[in-house]
Every structure is written in structure tokens, then in C-alpha cells.
Amino acid sequence: EGLTKVYWTPGKKGKMTAVDHLYVGVPRGQCFGLLGVNGAGKTTTFKMLTGDEQVTEGDAFINKYSIRKDKVKVRQFMGYCPQFDALDPLLTGREHLEFYARVRGIATKDIKSVSEWVIKRLGLAQHGDKISSSYSGGNKRKLSTAIALIGNPPIIFLDEPTTGMDPGARRFLWDCINSIVKAGHSVILTSHSMEECEALCNRLAIMVNGTFQCIGSIQHLKSRFGNGYTIVLRVKSESLDINPVMEFISSSFPSAKLKEKHHNMLQYQLGSVGLSLSKLFQAMEEAKRVYNVEDYSASQTTLDQVFISFAKKQTDLLDEELDECENYSDDELDDVAEDN
Ligand SMILES: Nc1ncnc2c1ncn2[C@@H]1O[C@H](COP(=O)(O)OP(=O)(O)O)[C@@H](O)[C@H]1O
Ligand SMILES: [Mg+2]
């Protein structure tokens, strides 16, 4: 049985499966990334693993202990940085760390040195004695991450650790996470950023509507889903009939899939098998001459695009987008439907 969470809410939504039969294993000394748009079920997965939410179905094991039957035991193995900072506004950074060190059972004589070490480790030395409500968003994230590291737990859950951080702070945290992983800890983190996962994760999964759409190493996902080319082209706005150019593209590149269509912009995904760059550019130049194409670009598909194409399947997003469209005309609505 995979790990499953169903929320019941009174009213319109009713029963809602946030996490749908997940199966995954994370070995020691590895970093696993959980990617997905908002509402994919990442936080709910963490909440079940850490005991914040009840599991509806299934089970998971940490160091062979069940998260359902041995709650007290499994919590000793984990550190957790929640998505929304759970800080006391009136305590300083150092006081937080000393408090959590005590809760984690660190010997009284070691508490000061342990907290000091974590403060230095996360670059909070200047802010250690300020109260947490005066921290910037990025420093709050650092403090929450620091709390997760207290007591050297073998498995660490980080829920969007770098959200709201500037690029410098983010890199600093990446280095820190990398060295924790090298030291033999297991880290499971969630993120919106492919770049972040590339920098940190040995393996990652893209989650949509509570299920994994794909799972594997970065290299695996790149070669499995990232192959081929992306063509973006714009048609001159005075000739807004884009059907001829669409027909031309599908006859020139039988493998072409229309990924996006907005007003005068089209985006296609082409497979790379049997397609040379010279043939690609030859056809595109012809399109430019004959079909009023204003400009175009051809590029290799990136992991970001892989992520976006999976993420589009998230139903919450569709609902929201369609709600927003209620005041639009039918034509515009058709465009949205096609895009999705
Ligand atoms: N306490 C709750 N009650 C009802 N629905 C919830 C609750 N928490 C989360 N959800 C729903 O579960 C889904 C997954 O949410 P979440 O796990 O927070 O996603 P993520 O962390 O990937 O953004 C969302 O559709 C959200 O609205
Ligand atoms: Mg979340």
C-alpha cells in the first residue's frame, strides 16, 4: 500500500485526495527532490511523514520503524523545516536553537556549543541575538533550516527551504545542504526550481495531483523527457490567420507537438530522431518567407520545460485559471482550453 492522504472538507470540494499511493525509497547519504507546483501534495506528504497529519492509507518506514506504529521512535531520527516558518516572534535565533537542542535531548553542557555551531553553519552569526520577528524572510528560512539540523538527525525534511531567499543566500544554503548529504545524512526537499534540484538532488520526482509523474536521476529525466527541440515562433500581427503556418509546421515536422498557443505566438516540441538542425532551419526560413512569421527561435528542451509540461496537469491550477476566465469571450476561452 502506498502512502495516501484524503482530506474531507465540507462544501463544494468534499473528498480530496491530496497524496495518492506514493512509493519511494531514499538511501542514506542521498538527497531526494520532490518537485511540483502549489497544491501537488508535497507538504501533505511531509506532514504525514513527520506526524503532523494522520495517514489515511499506507505506511512508510524510517530506519525500519513505521511512521504509524512507532511515532515516538521515528521522530528521533528526523529534522523538519516546515514550509511556513514555525518561529516564536519574541525569541532570538540563538534561543530557538537552544530550546530545540534541549527538546532533542542534547546534554546541557553541549547545548551552547551545538547552537553556536549551527548558527555559524548557516551564516546567522550576525543575527543570532536578534528576535526572530525582526528577521528577513530569507533569514527566517535559514533559522528554520538550522532548527531541522539540530541534533544531527540522520534524515532531514526541508519543505521549500530556499523560497524567498536571494540568490547569494540560496547558494550558501545549497553548499550547506550538499555538505550535510556528503556527511551521510539523507535529505528530502521540496522545490519549485529545477535549477535547485540540479544543484542538490541525486534523484527527484515530479508530483502532480498527489502522484509521481516521473522519478529518476537528473540525467535520466533529461534523456527520457528532455530530448528534442523547442521552436517558438511569432506570426506578424497584421496577418493573424495562423492556420496556414500551423499546417506547414505539422507537414514539415510530423513529430511536432503544439505545446502552447497565445495570440500570435506558437510553441512546438519536436523529437530529435531523424531531424537535423539544417533541415530544421531550412524549414523555418521557408516559414518566415512564405507564412508571415516575424521571428522564431529553436532551442534544446530544458528540464524547466519538462517540469512545466508535467505541471500543467495539476487540476487546481486549471480550476483557478478557468474561474479567472469567466468574464472572457468564447474565443479566448477556447485558447485557454487548447493551451491546457
Ligand atoms: N488541511 C487541509 N484540508 C483540506 N485540504 C487541504 C489541507 N491541506 C492541504 N489541502 C489540499 O491538499 C492539496 C495538496 O496541498 P499541499 O500538500 O499543501 O501541496 P503543496 O505543498 O505541493 O503545495 C491542495 O489541493 C490543498 O488545497
Ligand atoms: Mg507545500
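To start, this report covers the structure provided alongside it. (Residues numbered from 1 in each chain as written. Chains lettered and ligands numbered in written order. Predicted model: local features only at pLDDT ≥ 70, side-chain atom pairs only at ≥ 80, totals over all residues. Heavy atoms only, no water.)

1. What to know about the environment of R170
- Tracing the backbone shows R170 in helix 6 (residues 167-182).
- Taking relative accessible area as the criterion, R170 reaches 22% and is therefore assigned partly exposed.
- Spatially, the C-alpha atom of R170 lies 20 Å from that of G79, the residues being 91 residues apart in sequence.
- In this structure R170 touches T162, M165, E195 and E196, once residues within four positions along its chain are discounted. (Helix = DSSP H or I, 4+ residues; strand = E, 2+ residues; numbered from the N terminus. Buried < 20%, exposed > 50% of the residue type's maximum accessible area, 1.4 Å probe, protein only. Contact = heavy atoms within 4.5 Å.)

2. Examining the pattern of salt bridges
- Enumeration over the complete set of coordinates arrives at 11 salt bridges.
- Among the ionic pairs, D129 bridges to R94, the shortest N-O distance being 2.6 Å. Of this pair, D129 sits in the loop between helix 4 (108-121) and helix 5 (137-149) while R94 sits in helix 3 (residues 93-103), placing them 35 residues apart in sequence.
- Residue class for D129 comes out exposed when judged on its relative accessible area of 59%.
- Two residues, R171 and E195, come together in a salt bridge whose shortest N-O distance is 3.2 Å. Here R171 is found in helix 6, whereas its partner E195 is found in helix 7 (residues 194-200), with 24 residues between them in sequence.
- With a relative accessible area of 46%, R171 lands in the partly exposed category.
- When its relative accessible area of 41% is taken as the criterion, E195 is described as partly exposed.
- Each of R94, E116, K120 and D129 takes part in salt bridges that share partners, so that together they form one network. (Salt bridge = Lys/Arg side-chain N within 4 Å of Asp/Glu carboxyl O.)

3. So, the coordination of the magnesium ion (ligand 2)
- Around the magnesium ion (ligand 2), the protein contributes the donor atoms T43 (OG1) and Q83 (OE1), which lie 1.9 to 2.1 Å from the metal centre. Within this pair, whereas T43 is found in helix 1 (residues 42-50), its partner Q83 is found in the loop between strand 6 (78-81) and helix 3, the two being separated by 40 residues in sequence. The burial state of T43 is the same as that of Q83; both residues are buried. (Donors = N, O, S within 2.8 Å, 3.2 Å for Na, K, Ca; no water.)

4. Considerations on the site of ligand 1
- Residues in contact with ligand 1 amount to 14 residues; listed here are only the nearest, G39, G41, K42, T43 and T44.
- Within the contact set of ligand 1, an oxygen atom lies 2.9 Å away from a backbone nitrogen or oxygen of G41.
- K42 places a side-chain nitrogen or oxygen 2.8 Å from an oxygen atom of ligand 1.
- Summarising the interface, the protein chains cover 73% of the accessible area of ligand 1, which totals 560 Å² for the free molecule.
- At the level of secondary structure, the elements contributing two or more residues to the shell around ligand 1 comprise strand 1 (3-9), strand 2 (14-22) and helix 1.
- Of the residues contributing to the shell around ligand 1, the split by class is five nonpolar, seven polar and two charged. (Near = heavy atom within 4 Å. Polar contact = N/O pair within 3.5 Å; in protein donor to acceptor, adjacent residues only side chain to side chain. Areas by Shrake-Rupley, 256 points an atom, 1.4 Å probe, with all protein chains shown as cover. Nonpolar A, V, L, I, M, F, W, Y, C, P; charged D, E, K, R; others polar.)

5. Details of a positive patch on the surface
- There is a patch of like positive charges on the surface, built from R68, K69, K71 and R75.
- Position of K71 among the secondary structure elements: in helix 2 (residues 71-75). (Patch = residues over 30% accessible without salt bridge, like charges linked within 9 Å, V, L, I, M, F, W, Y side chains within 5 Å. Lys, Arg positive; Asp, Glu negative; His and termini not counted. Charge placed at Lys NZ, Arg CZ, Asp CG, Glu CD.)

6. What about the sheet that holds strand 3 (residues 31-35)?
- With respect to topology, six strands assemble into an open sheet ordered 6-7-8-3-9-10, the strand pairing being mixed. Both edges of this open sheet fall to strand 6 and strand 10 (211-216), since each of them pairs with a single strand only. In this sheet, adjacent strand axes meet at a mean angle of 15 degrees when their direction is disregarded.
- Of the pairings in the sheet, the one linking strand 3 to strand 9 (residues 203-208) comprises four bridges and is parallel in character. Opposite L34, over in strand 9, you have A205 as the bridge partner.
- Here helix 5 sits on the sheet in contact with strand 6 and strand 7 (155-159), set at roughly 170 degrees to strand 6. (Pairing = 2+ DSSP bridges. Axes fitted to C-alpha atoms, helices over the stretch in contact; angles between N-to-C directions.)

7. Some thoughts on helix 9 (residues 243-252)
- Those residues of helix 9 lying buried are V245, M246, F248, I249 and S252. Axial view of helix 9: buried residues confined to an arc of 160 degrees, hence all on one face. Exposed residues on helix 9 whose side chains face more than 90 degrees from its buried face are E247 and S251.
- Tucked into the core, helix 9 has its buried residues touching strand 11 (229-235), strand 12 (257-262), strand 13 (265-270), helix 10 (277-290) and strand 14 (293-300). (Arc of directions from axis to C-beta.)

8. Remarks on the pairing of strand 13
- With respect to burial, strand 13 is a largely interior element, six of its six residues being buried.
- Alternating positions in strand 13 separate into two faces, M265, Q267 and Q269 on one and L266, Y268 and L270 on the other, with burial throughout.
- Note that strand 11 and strand 13 share six bridges and pair antiparallel. By the bridge assignment, L233 is partnered in strand 13 with L266.
- Where strand 12 meets strand 13, five bridges bridge the pair, whose relative direction is antiparallel. Bridge assignment links H262 to a residue of strand 13, and that residue is M265.

9. Quick look at the packing of helix 8 (residues 218-225) against helix 11 (residues 303-311)
- Two numbers describe how helix 8 lies on helix 11: the axes approach to 10 Å, and their chain directions differ by 75 degrees. The angle between the axes of helix 8 and helix 11 places the two elements in the roughly perpendicular class. On helix 11, the residues that touch I218, L221, K222 and F225 of helix 8 are L303, V306 and F310. (Parallel < 35°, antiparallel > 145°, perpendicular 65-115°, else oblique.)

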